[in-house]
Amino acid sequence: MSRVIVMTSGKGGVGKTTVTANLGTALARLGRSVVVVDADFGLRNLDLLLGLENRVVYTALEVIAGECRLEQALVKDKRTPNLSLLPAAQSRNKTAVKPEQMRELIDKLSSSHDYVLIDCPAGIEQGFRNAIAGANEAIIVTTPELAAVRDADRVVGLLEAAQIRPTRLIVNRLRPDMVAASQMMSVEDVVEVLAIPLVGIVPEDREVIVSTNKGEPLVLSSNPPLAAQALQRIARRLEGETVDFPDVASLGESFWERAKRFLNQRVI
């Protein structure tokens, strides 16, 4: 049975689209057939993070309107043959699509893919209702900040009301040094507030910005940075593997890693 997972957060800017792009790529590299769906009509970004923006011809809106076939709108990722993208329309807003239409679209995708990952827009309005319409699981992505966790808690309640289960948690952009200095919520604090199972911890990583600008998911790196390793572990956990969580302190950049980065950046 296909797994349809909505990636949501409530608050914007927590790295949800980055997680969606990398998690979809990681699952595809494990041999699964994956389609990532950009449900943020009017403000699409998933195509940019995957480096597929120049290959978008049709979008989900044209499929829903009957102006093209679903297969025509799917953009295949040549670097990862098992991965496809269904882009959102930039020219229309979230009210252009109804939840029933999204549910029908997701049902079609789930019949031919192992995983459907839906990148949900920020907020809890029409875009949120569209994104969760066809989902049978959810992953909450939050940063360890009070505002983000409070918004995530609100979303957890809405998902429970919509009977979308299971709902799991990814704590993104963790800074172990700030946690140690009591300047950031710990993973344990976030889990205690949200009371949902933890599926992954992704550390703050400067390479995320580099990969986003290049349109190359982190997990494709031949020498994956810490964030990419964390996302690969999440993919394996979703596949049913028992993968231990590393000690949070080990997720921080070591002195030698900082020194190596500094030396590599020096201009001689």
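Residues numbered from 1 in each chain as written. Predicted model: local features only at pLDDT ≥ 70, side-chain atom pairs only at ≥ 80, totals over all residues. Heavy atoms only, no water.

Structural notes on the overall build of the chain
Here's step 1: Across its full length, the chain holds twelve helices and eight strands.
Here's step 2: For the chain, the C-alpha radius of gyration of 18 Å lies close to 18 Å, the compact-globule estimate for 268 residues.
Here's step 3: Taken along the three principal axes of its C-alpha coordinates, the chain extends 55 × 45 × 35 Å.
Here's step 4: Contacts in the chain between residues far apart in sequence, at least 24 positions, make up 76% of those at least 6 positions apart.
Here's step 5: As displayed, the chain has an accessible area near 13000 Å², and 48% of this comes from carbon and sulfur atoms.
Here's step 6: Put simply, the chain has 32 plus and 33 minus side-chain charges, and the middle of one group is 4 Å from the middle of the other. (Helix = DSSP H or I, 4+ residues; strand = E, 2+ residues; numbered from the N terminus. Rg over C-alpha atoms; globule rule 2.2 N^0.38 Å. Contact = heavy atoms within 4.5 Å. Areas by Shrake-Rupley, 256 points an atom, 1.4 Å probe, with all protein chains shown as cover. Lys, Arg positive; Asp, Glu negative; His and termini not counted. Charge placed at Lys NZ, Arg CZ, Asp CG, Glu CD.)

What to know about the packing of aromatic side chains
Here's step 1: Within the structure shown, the criterion is met by zero aromatic pairs.
Here's step 2: Taking the ring centre of F245 as reference, the NZ or CZ of R237 above it sits at 3.9 Å. (Phe/Tyr/Trp six-rings, centres within 6.5 Å; stacked < 30°, edge-to-face > 60°. Lys NZ or Arg CZ within 6 Å of the ring centre and 35° of its normal.)

Looking at the pairing of strand β4 (residues 83-86)
Here's step 1: Judged by which residues are buried, β4 turns out to be covered on both faces: L83 and L85 on one side and S84 and L86 on the other are all buried.
Here's step 2: In this sheet, β4 lies alongside strand β3 (residues 75-76) in antiparallel orientation, the contact comprising two bridges. Across the sheet, V75 pairs through a bridge with L85, a residue of β4.
Here's step 3: Between β3 and the antiparallel strand that follows it, β4, lie six residues. (Buried < 20%, exposed > 50% of the residue type's maximum accessible area, 1.4 Å probe, protein only. Pairing = 2+ DSSP bridges.)

Here's the deal with the nonpolar core
Here's step 1: Grouped together as the largest cluster of nonpolar side chains are 47 residues, with contacts concentrated most on L86, L109 and I118.
Here's step 2: Of the residues forming this core, the biggest block, five residues, is contributed by helix α7 (residues 146-161).
Here's step 3: In contact with I118, other than residues within four places in its own chain, are V4, I5, V6, M7, V37, A39, I106 and A131.
Here's step 4: Grouped together as the second largest cluster of nonpolar side chains are 36 residues, L46, V56, V199 and I234 included. (Core = buried A, V, L, I, M, F, W, Y, C linked by side-chain atoms within 4.5 Å.)

A few points about the environment of L74
Here's step 1: Note that L74 resides in the loop between α4 (70-73) and β3.
Here's step 2: Expressed as a C-alpha distance, the spacing of L74 and V35, which sit 39 residues apart in the sequence, is 8.4 Å.

Some words on the sheet that holds β4
Here's step 1: As summarised here, the arrangement of the eight strands in space is β3-β4-β2-β5-β1-β6-β7-β8, forming an open sheet in which the pairing is mixed. In this open sheet, the two strands that pair with only one neighbour each are β3 and β8 (198-203).
Here's step 2: Helix α5 (residues 99-110) contacts β1 (3-8), β2 (34-38), β4 and β5 (115-119) of the sheet and is inclined by roughly 145° relative to β5.
Here's step 3: Docked against the sheet, α7 engages β1, β6 (137-142) and β7 (167-174), running at close to 170° with respect to β6. (Axes fitted to C-alpha atoms, helices over the stretch in contact; angles between N-to-C directions.)

Looking at the packing of α7 against helix α9 (residues 187-194)
Here's step 1: Running from N to C, α7 and α9 cross one another at 35°; their axes reach a closest spacing of 10 Å. Crossing handedness for the pair α7 and α9: right-handed. Residues V149, A152, D153 and V156 of α7 touch α9, and the partners they reach there are V190, V193 and L194.
Here's step 2: By residue class, the composition of the contact of α7 with α9 is six nonpolar, no polar and one charged. (Left-handed = near helix turned anticlockwise from the far one by under 90°. Nonpolar A, V, L, I, M, F, W, Y, C, P; charged D, E, K, R; others polar.)

Notes on the environment of P217
Here's step 1: Here P217 is to be found in the loop between α10 (207-214) and α11 (226-238).
Here's step 2: Placed 185 residues apart in sequence, P217 and R32 show a C-alpha to C-alpha distance of 17 Å.

Concerning the side chain of T59
Here's step 1: Its location among the elements puts T59 in the loop between α2 (46-50) and α3 (60-64).
Here's step 2: Judged by relative accessible area, which is 6%, T59 ranks as buried.
Here's step 3: Not counting chain neighbours up to four residues away, the residues in contact with T59 comprise R44, A73, P87, A88 and A89.

Digging into the pattern of salt bridges
Here's step 1: Evaluation of the coordinates by the stated rule reveals twelve salt bridges.
Here's step 2: Where R32 meets E239, a salt bridge forms, and the shortest distance between an N and an O atom there is 2.7 Å. Placement of the pair is R32 in the loop between α1 (16-29) and β2 and E239 in the loop between α11 and α12 (255-265), with a sequence separation of 207 residues.
Here's step 3: A relative accessible area of 28% means that E239 is categorised as partly exposed.
Here's step 4: Look at the salt bridges and you will find they share partners, linking R3, E137 and R168 into a network. (Salt bridge = Lys/Arg side-chain N within 4 Å of Asp/Glu carboxyl O.)

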